[in-house]
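# Residue-level structural notes
These are the residues of each chain, in order.
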Amino acid sequence: MKVLVTGGAGFIGQHIVRELLGRGHQVCLMDSLRGDVHAGRAWLPPADVEIVKADVRDADALDQALQGVDAVVHLAAKVGLGVDVQDLPDYASSNDAGTAELLAAMARAKVTRLTLASSMVVYGEGLGRCPIHGATVPAPRTEAALAEGQFEPPCPRCGKPLETAFVSEDTPFDPRNAYASSKVAQEFYASNWARVTGGSVAAMRYHNVYGPGMPRDTPYAGVAAIFTSALRRGEAPKVFEDGGQRRDFVHVRDVAAATVQACEQHLSGVRAFNVGSGTPRTVGDMARALSRTLNGPIPIVTGQYRLGDVRHITADSTRLKRELDWNPRVSFEDGLAELTAS
Ligand code: UD1
């Protein structure tokens, strides 16, 4: 089939384009190559791919790019966290208005299959388990608590520490920053579109994606890239909070395979899929593993914090495995070795 990949020149997009081509699909790649992501990074357009250099908010460019297309993988978005309130308009415009334009254009072109890059951040702090009150949604962490070094979000009813539970796709939305809010909005817009047009939506809720081609030294750099860059400069990785915050680091080729499998197999209705390796690790673990691999200085735990950060967020990706026959293939050790060698 012919697949339009928006944001196809980005970190995850490049791997998805390769995966699609490897599975015999035709690809049209649409990307604005926006300066805050691509400045200073060489990008070699892949061979055998139609390229449309345009922003997804450009309705005419979308009409052109959607010609002859059977399915869309929508990745084009402003990522990161949102540093302050002044970022809100750009998230709303790039992510929400961009998705709305795409959906309207898909309806004009009668393209009914959408695979959407969503994120685990839609769950906020996810789910905790209180020894007294059972499963509970942690309250947002306050600036005052973080400044005092109280990083664990307590049970909102009794204040006791919570154990982290794995989040399933049925966990309620609870976005805690501008980016997360825009991802929730994208999912809602896509559901509305699906109901009206009869289209299908697979919302891929990616966990922390790492691997070759990760953005470095840009506002979009994830923690693995930030630590690797520091170690390459001979500096110790700076671990925020107390380093005990948990994430699920999932390799970009596994994410690309999951996305393409969803694009090929999910043909009706709206379905969300968590995309994680299934093995949560602390940010401190990640820093120490990278220091060891690169033979660099021991990480420094700084106690710094970012107000929009969630403490722990760990996925249950059983649905993806069961329904789309997906399994992660790249081990954490192999993934880190490859990342540090690249
Ligand atoms: C990441 C993605 C986001 C995605 C989400 C899915 C990036 C930039 N963000 O968000 O797009 O939707 O996963 O779960 O890839 N940290 C440090 N030191 C640093 C920088 C960060 O300790 O120098 C810590 C942060 O405080 C945080 C953790 O590392 O606890 C992860 O941060 P980051 O890589 O920015 O990712 P997320 O915010 O989890």
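Notes on the structure in this doc start here.

## Looking at helix H4 (residues 88-109)
Since one α-helical turn is 3.6 residues long, residues separated by three or four positions face the same way. With 22 residues, H4 should cover 32 Å at 1.5 Å per step; its first-to-last C-alpha distance of 30 Å lies within 8% of that length. Among all positions of H4, only Tyr 91, Ser 94, Asn 95, Asp 96, Gly 98, Thr 99, Leu 102, Leu 103, Ala 105 and Met 106 are buried. Considering only its buried residues, H4 is in contact with strand S1 (2-6), helix H3 (59-65), strand S4 (71-74), strand S5 (113-119) and helix H6 (178-197). Two residues or fewer after H4 comes Lys 110, characterised by a positive phi angle close to 60 degrees.

## A few points about the side chain of Lys 78
Inspection of the secondary structure puts Lys 78 in the loop between S4 and H4. Excluding residues that lie within four positions of it along the chain, Lys 78 makes contacts with Arg 34, Asp 36, Asp 90, Tyr 91, Ser 94, Asn 95, Tyr 179 and Tyr 220.

## Description of the pattern of salt bridges
Overall, the coordinates contain 22 salt bridges when judged by the stated rule. Arg 57 is the salt-bridge partner of Asp 55, the closest N and O atoms lying 2.7 Å from each other. Judged by its relative accessible area of 26%, Asp 55 is partly exposed. Here Asp 242 makes a salt bridge to Arg 311, at a shortest N to O gap of 2.9 Å. One end of the pair, Asp 242, is in the loop between strand S11 (238-239) and strand S12 (246-247); the other, Arg 311, is in the loop between strand S16 (300-301) and helix H10 (318-324), and 69 residues separate them in sequence. Here the salt bridges do not stand alone but share partners, grouping Glu 125, Arg 141, Glu 152, Glu 241, Asp 242 and Arg 311 into one network.

## Side note on the layout of surface pockets
Taken as a whole, the second largest pocket holds about 160 Å³ of empty space. Around the second largest pocket, the lining residues are Glu 19, Arg 23, Arg 253, Asp 254, Ala 257, Gln 261, Asp 325, Trp 326, Asn 327, Arg 329 and Val 330. The biggest single contributor to the lining of the second largest pocket is helix H8 (residues 252-265), with 4 residues. Of the residues assigned to the lining of the second largest pocket, the class counts are 3 nonpolar, 2 polar and 6 charged.

## Brief notes about the side chain of Thr 6
Looking at the secondary structure, you find Thr 6 in strand S1. Within the local environment of Thr 6, its side chain forms a polar contact with the side chain of His 74, the two groups lying 2.7 Å apart. In this structure, Thr 6 is in contact with Met 30, Val 56, Val 72, Val 73, His 74, Leu 75, Ala 76 and Leu 102, ignoring residues within four places of it in sequence.

## Details of the state of the cysteines
Using the criterion set out here, one finds 0 disulfides in the structure. Cys 155 forms no disulfide, and the closest cysteine sulfur to it belongs to Cys 158, at a distance of 3.7 Å. Overall, Cys 155 belongs to the buried group, its relative accessible area being 2%. No disulfide involves Cys 158; its sulfur sits 3.7 Å from the nearest other cysteine sulfur, which is in Cys 130. Under the relative-accessibility criterion, Cys 158 is labelled partly exposed at 32%.

## Re the pairing of S4
Residues Ala 71 and Val 73 point to one face of S4 and Val 72 and His 74 to the other, with burial holding for every one of them. Alignment of S1 against S4, held across 4 bridges, turns out to be parallel. The residue bridging Val 3 from the neighbouring strand is Ala 71, located in S4. Where S4 lies against S5, 3 bridges are found, and the strand directions are parallel. From the neighbouring strand, Val 72 faces S5, where its bridge partner is Leu 114.

## Let's talk about the environment of His 251
Tracing the sequence through the fold places His 251 in strand S13 (residues 249-251). Note: C-alpha distance between His 251 and Ile 12 (239 residues apart in sequence) is 9.9 Å. Among all residues touching His 251, those that are not within four sequence positions of it are Tyr 210, Gly 211, Pro 212, Val 330, Gly 335 and Glu 338. At a separation of 3.0 Å, a polar atom in the side chain of His 251 contacts the main-chain amide nitrogen of Arg 253.

## Details of the site of the ligand
The environment of the ligand is made up of 21 residues, and the closest members are Ser 119, Val 223, Phe 240, Arg 247 and Asp 309. Measuring from an oxygen atom of the ligand, one finds a side-chain N or O atom of Ser 119 at 2.5 Å. Protein coverage of the free-state accessible area of the ligand, which is 740 Å², stands at 90%. Contributing elements (two or more residues each) for the shell around the ligand: helix H7 (223-232) and S11. The element best represented in the shell around the ligand is H7, accounting for 3 residues. The residue inventory of the shell around the ligand, partitioned by class, reads 12 nonpolar, 5 polar and 4 charged.

## Some points on H6
The terminal C-alpha atoms of H6 lie 28 Å apart, and with 20 residues this matches the ideal 28 Å at 1.5 Å per residue to within 8%. The set of residues buried in H6 consists of Ala 178, Tyr 179, Ala 180, Ser 182, Lys 183, Val 184, Ala 185, Gln 186, Glu 187, Ala 190, Trp 193 and Ala 194. Where H6 is buried, its residues contact S4, H4, S5, strand S9 (200-206) and strand S14 (270-275). Among the residues of H6, the N-terminal cap falls to Asn 177, whose side-chain oxygen and the backbone nitrogen of Tyr 179 are separated by 3.2 Å. Of the residues flanking the end of H6, it is Gly 198, one or two places downstream, whose phi is positive at about 80 degrees.

Reading the values: rules and limits
Residues numbered from 1 in each chain as written. Predicted model: local features only at pLDDT ≥ 70, side-chain atom pairs only at ≥ 80, totals over all residues. Heavy atoms only, no water. Helix = DSSP H or I, 4+ residues; strand = E, 2+ residues; numbered from the N terminus. Expected span 1.5 Å × (residues − 1). Buried < 20%, exposed > 50% of the residue type's maximum accessible area, 1.4 Å probe, protein only. Contact = heavy atoms within 4.5 Å. Salt bridge = Lys/Arg side-chain N within 4 Å of Asp/Glu carboxyl O. 1 Å grid on protein atoms, 1.4 Å probe; cavity = no way out; pocket = protein on both sides within 12 Å on 5 of 7 lines; lining within 4 Å. Points joined across faces, edges and corners; volume = space filled by probe spheres on them. Nonpolar A, V, L, I, M, F, W, Y, C, P; charged D, E, K, R; others polar. Polar contact = N/O pair within 3.5 Å; in protein donor to acceptor, adjacent residues only side chain to side chain. Disulfide = S-S within 2.5 Å. Pairing = 2+ DSSP bridges. Near = heavy atom within 4 Å. Areas by Shrake-Rupley, 256 points an atom, 1.4 Å probe, with all protein chains shown as cover.

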